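Letter by letter, the chains look like this.
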Amino acid sequence: MSVHTVKEILASLRRKESKPSEWTETALRMIEQHDPTIGAFLTVDGERALERARRLDGEAFDGALFGVPYALKDNICTRNLKTTAASRILESYIPPYDATVAQRLAATQGVLLGKTNLDEFAMGSSTENSAFQLTRNPYDVKRVPGGSSGGSAAAVAAGMVPFALGSDTGGSIRQPASFCGVVGLKPTYGRVSRYGLIAFASSLDQIGPFTRSVEDAAFVLQAISGHDERDSTSAPQDVPDFVRGLEGGVKGLRIGLVTGLDEHGVDAEVQAAVGKAVQTLQDAGAEVVEVHLPHLRYAVATYYLIAPAEASSNLARYDGVRYGRRAAGQSLAEMYENTRSEGFGMEVKRRIMIGTYALSSGYYDAYYRRAQQVRTRIREDFEQAFKRCDVIVMPTTPTTAFPLGEKVDNPLQMYLNDIFTIPANLAGLPALSVPCGVSSEGLPIGLQLLAHWWDEATLLRVGHTYEQARGFAMPLPRMGA
Amino acid sequence: MKISEETVRHVAALARLSLSDEEVAHLAPQLSEIIGYAEQLQQLNLDDVAPTSHSLARTNVFREDEPWPGLARDVALACAPDSTDEYVRVPAVLEG
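Everything numeric in this text was worked out from a predicted model, so none of it was measured. (Residues numbered from 1 in each chain as written. Chains lettered and ligands numbered in written order. Predicted model: local features only at pLDDT ≥ 70, side-chain atom pairs only at ≥ 80, totals over all residues. Heavy atoms only, no water.)

*Asks:* Any chance you could explain the environment of A:Glu229 here in plain terms?
*Replies:* Residues and elements named next belong to chain A. By the secondary structure assignment, Glu229 is in the loop between helix 7 (214-224) and strand 7 (254-258). Look at Glu229 and you get exposed, because its relative accessible area is 54%. Residues Glu229 and Tyr195, spaced 34 residues apart in sequence, show a C-alpha to C-alpha distance of 9.2 Å. (Helix = DSSP H or I, 4+ residues; strand = E, 2+ residues; numbered from the N terminus. Buried < 20%, exposed > 50% of the residue type's maximum accessible area, 1.4 Å probe, protein only.)

So, in structure tokens, the structure goes:
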């Protein structure tokens, strides 16, 4: 198995050593060979992808991702291509429009290969909540790939595509990136348009890339960033040249090491790998300071009130009227109830219930409003911390990938796995997961970096510097147990 | 915080979900555990702390009042589970 980065593919295409159709054919072959085991894709759009790549064969190299195959998480709308959010309620939904990110990637002349599996409506941390199939971790197929963007993470890890997009509401890009040994980036809230992203929790959702290198993440971020008038929460913020800024090094940068993480049950091997990564950055010239995030311990409780509250509101639209599945019913109300009860899986129902409860009369102040106040505190913690440092480091997750089935019947245990990723969403900060080692069981470990609002440039620079200095390449996955 | 099966049924009705007895019995202890975990937020003194609804506090995001083409009616109706030439069709709202 040989896998290539976006950068390598672009270089080869630019030098005319290969043709776009060859890369698409290779990717489709990899999918054919490995996806029956891995289960990363819900839809493979092979014919159209080949057609598009062959058309590019005859064209001059033009476009930032010219001829590069990629995949999209199946909660990103694609015109005339089924988009299900891994839910029965959208099982045969074919969007009449493209998400802005899909449009922007198409404009770079990339080649869309298909749509990847996820936890239903992106609600989950293992991709086991998909209504359609399991996705397996390429490093150990008895383990989860993480979630909710498990399909995108596994597709990149398995070498099926050089990059894929996911969405991150509480860690859904960074956690699966960490579990699958790839790079995952959640941009600053508002950096990338959410137009056409099937909404889960609108104040937290953000789209970002999975790649095999930090440099590739910069390429893809460049292509999808920027203000979009169709998303009123996308920011009219300048987009810097992320690629050009990569080589600056970390000399003089202050790295903030978060104190008191022990209470969250960080695995010893994870702790050791992250510690080693911090040492590597220090050796490269960074200064290490300690920072304290006193409200970090409240992040999971805060998130699991706010995100379900927003979800219960967002998912009210699935009523069987304008699109998606409709169940029979004698009255309109009965039709609504039957449609939603048949169409949603258990985790989605659970979150709608939590959210409806937290927003209901008599509980709003005690739960939802209180969670929003703690959200302010968490944001303030970061404001304080970033007075002392330029980048914060933490593990992406307390443990490596867990076995399939281990947490499916224990939602709270599943939620607690998100402790280190949730804070960036609550505060709206950009955050990056970079592989920083492999456990004794051969499972990838992720280093998480967080930077100040809008400072993806520094985030990527530190990530890239670390990746160059870490002194090892991630071993290729076994695709077996 | 103990959430009773009765509360689960009430909340389900608010959310337009019809749950089986089995689902209600399954959800009541799970929701109790999750909401119970969230109770820890009650420990904090949050007097005078403003709530954050959004990390990016943008307000009044307007665009020029210029019409642009939206989805064509036939394209939008093609997504609907049941429609006539001009309308989405639903079960009768009013009896008789």
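Structure shown, so let's carry the discussion forward.
*Asks:* Just checking my understanding: could you explain the interface of chain B and chain A for this structure?
*Replies:* A common way to state how big an interface is: give the accessible area lost once the parts meet. Contacts between the two partners involve 54 residues from chain B, matched on the other side by 72 residues from chain A. The junction of chain B with chain A conceals about 5,400 Å² of combined surface from both sides, 66% of it contributed by carbon and sulfur atoms. Put simply, chain B and chain A have 2 salt bridges between them. Counting every contact that joins chain B to chain A gives 23 residue pairs in polar contact (both at pLDDT 80 or more). At 10 residues, the largest contribution of residues to the side of chain B that touches chain A is made by helix 2 (residues 21-38) of chain B. For the side of chain B that touches chain A, a count of residues per class yields 35 nonpolar, 12 polar and 7 charged. (Contact = heavy atoms within 4.5 Å. Buried area = accessible area lost by both parts, 1.4 Å probe. Salt bridge = Lys/Arg side-chain N within 4 Å of Asp/Glu carboxyl O. Polar contact = N/O pair within 3.5 Å; in protein donor to acceptor, adjacent residues only side chain to side chain. Nonpolar A, V, L, I, M, F, W, Y, C, P; charged D, E, K, R; others polar.)

*Asks:* Teacher, can you tell me more about the pairing of strand 7 of chain A here?
*Replies:* Regular strands have side chains that alternate between both faces of the sheet. All names here are of chain A. Here strand 7 pairs with strand 8 (residues 287-291) via 5 bridges, running parallel. If you follow Leu257 over to strand 8, its bridge partner there is Glu290. In terms of handedness, the path from strand 7 via helix 8 (residues 268-283) over to strand 8 forms a crossover that is right-handed. (Pairing = 2+ DSSP bridges. Right-handed = clockwise from strand over helix to strand, strands pointing away.)

*Asks:* Explain the nonpolar core to me, please; I cannot follow it from the model alone.
*Replies:* Nonpolar side chains in soluble globular proteins tend to end up buried together. Ranked by size, the top nonpolar core spans 142 residues in total, and within it A:Phe121, A:Phe382 and A:Leu460 carry the most contacts. Within the second largest apolar cluster, 31 residues are counted, among which are A:Ile38, A:Phe41, A:Val141 and A:Met479. (Core = buried A, V, L, I, M, F, W, Y, C linked by side-chain atoms within 4.5 Å.)

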